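Remarks on the overall topology
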Amino acid sequence: MEDDYYSIDSILAENQKIQCTFKVDIPDMGHLDGGHERDIKAQSKVQLPLWLAFIIIYSDYADFTIPPPFSLRVRKALNAEAKSVKLSALVGAGGLWYGFGKIIMRLLDDAPASEMSELLTKTFQSRLVEVIDQAQHFAALGPAGGGGQSGDAALMFREGLEVTERELFLLAQESAKKIKQWYGSTDRLRR
Amino acid sequence: MALPVSLRNSVTPPELELIASEELVEIIPLISMERTAFISGAYGPLRPPNKAKIPLWMAINLKMKKKCHIVPPNWLSVDFLQDRLALETSRQEFSQFPFRFTEIAKLLLDVAPDDIQNSERIRSLLKDIREVRQAKSREGLQKIDHSELSLPNLCSMEINEIRPFFVRAMGVLTQLTRDPVADSQFDV
């Protein structure tokens, strides 16, 4: 999520591809599109990884379209019930939906960027409570439990957790476990 | 960093317990002792049957050797806790407790249950209070945003429990919030 130069997450998030439409001819760069043509023609559509798209879009060589993980359909689904959307399925395994969204937000201008920010923030907030609830539930079960008998919806939700959310899940679980352990440690072995 | 991952996010409960054991409690000593200097200060003299105020760790130590009775603090009583539980369930906000009450209560209940009246009842009251308060901090989670979250009267153990993921969640939200200032810097 961070902008840190050394953040692996940030690098992975930038590996997502977005579709760009070139506005100008660019000679000798056809290999970016898979390598059949020698040049990139104006109006041609190319899937570019974000780290490359960044500079091309900023230099005004190309426009981009909002990628599918943030399409209208997904937005509507998120608005309806954020908890039932599988974010991990949108960006692939190990994908960072929030990180991806953040970069897209950066590429956009005022109004759409605010809209994107709102979408991301709202989604995060509405899913957060469920993430923490489930984490605490699993911490309470202890290592022996953890079976999938806690309802299909919960299981679906867990499968749909995005990497950032997974991290939070682990943090919450760890901390709940520690507290539980401390409360349980009644027998003092002090002389 | 050389610190194990599990210790990086926050302080552990046993560490908090250690910090809490610096707090003073009243005891009725069964031995006499002159005023003695410790690193944290001078305590004593102990003159049975006069009460004395000493740090919790020392009280626990003496108690284990059956050399004192611990006088539980006034908030560690059925009446007080029952009142607080009623307050806690009837009101939205957290009610006020001594900052380290969880740790102190646990230590005293573990070491000196015989000095506390109705210790079993107190245990269950504390558990109820903890659950009510946990439900409230969960509510607080819904209101979390990138800049601040105000949960007054939260106690050290509770803060510690929610710290790792609250901090992380707020960090994420900071990233997701569109900050015009940061963006213009970015454009340059």
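Parameters and conventions
- Numbers given to residues run from 1 along each chain, matching the order in which its sequence is written.
- Each chain is given a letter, starting from A, and each ligand a number, starting from 1, according to the order in which they appear as written.
- Reporting of local features is limited, given that this is a predicted model, to residues whose pLDDT is at least 70; pairs of side-chain atoms are given and counted only at 80 or more, and all residues count toward the totals for whole chains, interfaces and linings.
- To obtain the side-chain values, all non-hydrogen atoms of the structure were used and water was disregarded.
- Among buried residues, the Ala, Val, Leu, Ile, Met, Phe, Trp, Tyr and Cys ones that are joined through side-chain atoms within 4.5 Å form a nonpolar core.
- Here's how the labels work: a residue is buried when its accessible area is under 20% of the maximum for its type, exposed when over 50%, partly exposed in between, all with a 1.4 Å probe on protein chains only.
- Should any heavy atoms of two residues lie within 4.5 Å, those residues are considered in contact.
- A pocket here means an open set of points on a 1 Å grid, computed over the protein atoms alone, that has protein on both sides within 12 Å along at least five of seven lines. A cavity is instead a set of points where a 1.4 Å probe fits but cannot get out; residues with an atom within 4 Å of a point line either one.
- Grid points are joined across faces, edges and corners, and a volume is the space filled by probe spheres set on the points.
- Each helix is a run of DSSP H or I of at least 4 residues and each strand a run of E of at least 2, with the numbering of both proceeding from the N terminus.
- Lys, Arg, Asp and Glu make up the charged group, whereas Ala, Val, Leu, Ile, Met, Phe, Trp, Tyr, Cys and Pro make up the nonpolar group; the residues left over, Gly among them, are polar.
- Residues qualify for a patch when their relative accessible area is over 30% and they have no salt bridge, like charges being joined within 9 Å and the nonpolar side chains of Val, Leu, Ile, Met, Phe, Trp and Tyr within 5 Å.
- For the accessible areas, the method is Shrake-Rupley and the probe is 1.4 Å, while residue cover comes only from the protein chains on display.
- In the sections that follow, a salt bridge refers to a side-chain nitrogen of Lys or Arg positioned within 4 Å of a carboxyl oxygen of Asp or Glu.
- As used in this structure description, the phrase polar contact means that two N or O atoms lie within 3.5 Å; if the pair is within protein, one of them must be able to donate a hydrogen and the other to accept it, and residues adjacent in sequence are counted only when both atoms belong to side chains.
- Two strands pair under a simple rule: DSSP has to find at least two bridges between them.
- In this description, a line fitted to the C-alpha atoms serves as the axis of each element, helices being fitted only across the stretch in contact, and the angle between N-to-C directions of two axes falls anywhere from 0 to 180 degrees.

1. Description of the nonpolar core
If you look at the biggest cluster of nonpolar residues, it comprises 62 residues, and the most contacted ones within it are Ile18, Trp97, Ile104 and Phe124 of chain A together with Phe165 of chain B. Leave out the neighbours within four places in its chain, and Trp97 of chain A touches Pro69, Phe70, Leu78, Leu87, Leu90, Val91, Leu119, Leu120, Thr123 and Glu162 of chain A. Formed by 35 residues, the second largest nonpolar core is a distinct cluster that contains Ile27, Ala52, Met58 and Ile60 of chain B.

2. Digging into empty space enclosed by the protein
Taken as a whole, this structure holds three cavities of 30 Å³ or more when the rule is applied. For the lining of the largest cavity, the secondary-structure elements that each account for two or more residues are helix H6 (119-142) and helix H7 (156-176) of chain B. Considering every element that reaches the lining of the largest cavity, the biggest residue donor is H6 of chain B, with four residues. Its residues placed into classes, the lining of the largest cavity shows two nonpolar, three polar and four charged. Reported here for the second largest cavity is a volume of approximately 60 Å³. Lining the second largest cavity we find Ile179 and Tyr183 of chain A together with Phe101, Thr102, Arg130, Met157, Glu158 and Glu161 of chain B.

3. Points about a nonpolar patch on the surface
Residues and elements named next belong to chain A. Residues Ile8, Ile11 and Leu12 make up a contiguous nonpolar surface patch of about 290 Å² in total accessible area. Following the sequence through the fold, Leu12 ends up in helix H1 (residues 8-13). With a relative accessible area of 43%, Leu12 lands in the partly exposed category.

4. Details of unusual backbone geometry
In this chain, Gly44 of chain B is followed by Pro45 of chain B through a cis amide linkage whose omega measures -5 degrees. As for its placement among the helices and strands, Pro45 of chain B is situated in the loop between strand E3 (41-43) and strand E4 (52-55). Of note, the bond from Pro48 of chain B into Pro49 of chain B is cis; its omega dihedral lies within 30 degrees of zero at 0 degrees. When you line up the elements, Pro49 of chain B lands in the loop between E3 and E4. With a phi close to 75 degrees, Gln43 of chain A is a non-glycine residue in the positive phi region. With respect to the helices and strands, the residue Gln43 of chain A is situated in the loop between strand E1 (17-22) and strand E2 (45-49). A positive phi angle is found at Lys66 of chain B, which is not glycine, with a value near 60 degrees. Looking at where Lys66 of chain B falls in the secondary structure, it is placed in the loop between helix H3 (56-64) and strand E5 (68-71). Assessed through its relative accessible area of 69%, Lys66 of chain B is described here as exposed.

5. Overview of the interface of chain A and chain B
Chain A puts 39 residues into the contact, and the matching count from chain B is 38 residues. Counting the contacts that link chain A with chain B gives two salt bridges. Between Glu167 of chain A and Arg168 of chain B there is a salt bridge, with its nearest N and O atoms 2.6 Å apart. Applying the counting criterion to the chain A and chain B interface returns eight residue pairs in polar contact (both at pLDDT 80 or more). Breaking the side of chain A that touches chain B down by element, the ones donating at least two residues are helix H2 (50-58), helix H5 (97-107), helix H6 (110-141) and helix H8 (163-184) of chain A. Per element, the largest residue contribution to the side of chain A that touches chain B is 13 residues, and it comes from H6 of chain A. When grouped by side-chain class, the residues that make up the side of chain A that touches chain B number 18 nonpolar, nine polar and twelve charged.

6. A short note on the pattern of salt bridges
Here the structure, examined in full by the defined rule, presents 19 salt bridges over all chains. Connected via shared salt-bridge partners are Glu88, Arg133, Lys136 and Glu158 of chain B.

7. Here we look at H3 of chain B
All names here are of chain B. Those residues of H3 not exposed but buried are Leu56, Met58, Ala59, Ile60, Leu62 and Lys63. Turning to H3, the residues buried within the fold contact helix H2 (13-20), strand E1 (24-29), strand E2 (36-38), E4, E5 and helix H5 (101-111). Of the residues one or two after H3, Lys66 is the one with positive phi, at around 60 degrees.

8. Remarks on the sheet that holds strand E3 (residues 62-64) of chain A
Residues and elements named next belong to chain A. Spatially, the three strands line up as an open sheet ordered E2-E1-E3, and their pairing is antiparallel. Across the chains shown, the open sheet's two edge strands, defined by having one partner strand only, are E2 and E3. Going from strand to strand, the sheet's axes swing by 40 degrees on average, the running direction of each strand aside. This element, H2, spans E1, E2 and E3 of the sheet and lies at about 120 degrees to E2. The sheet strands contacting H5 are E1 and E3, and the helix crosses E1 at an angle near 25 degrees.

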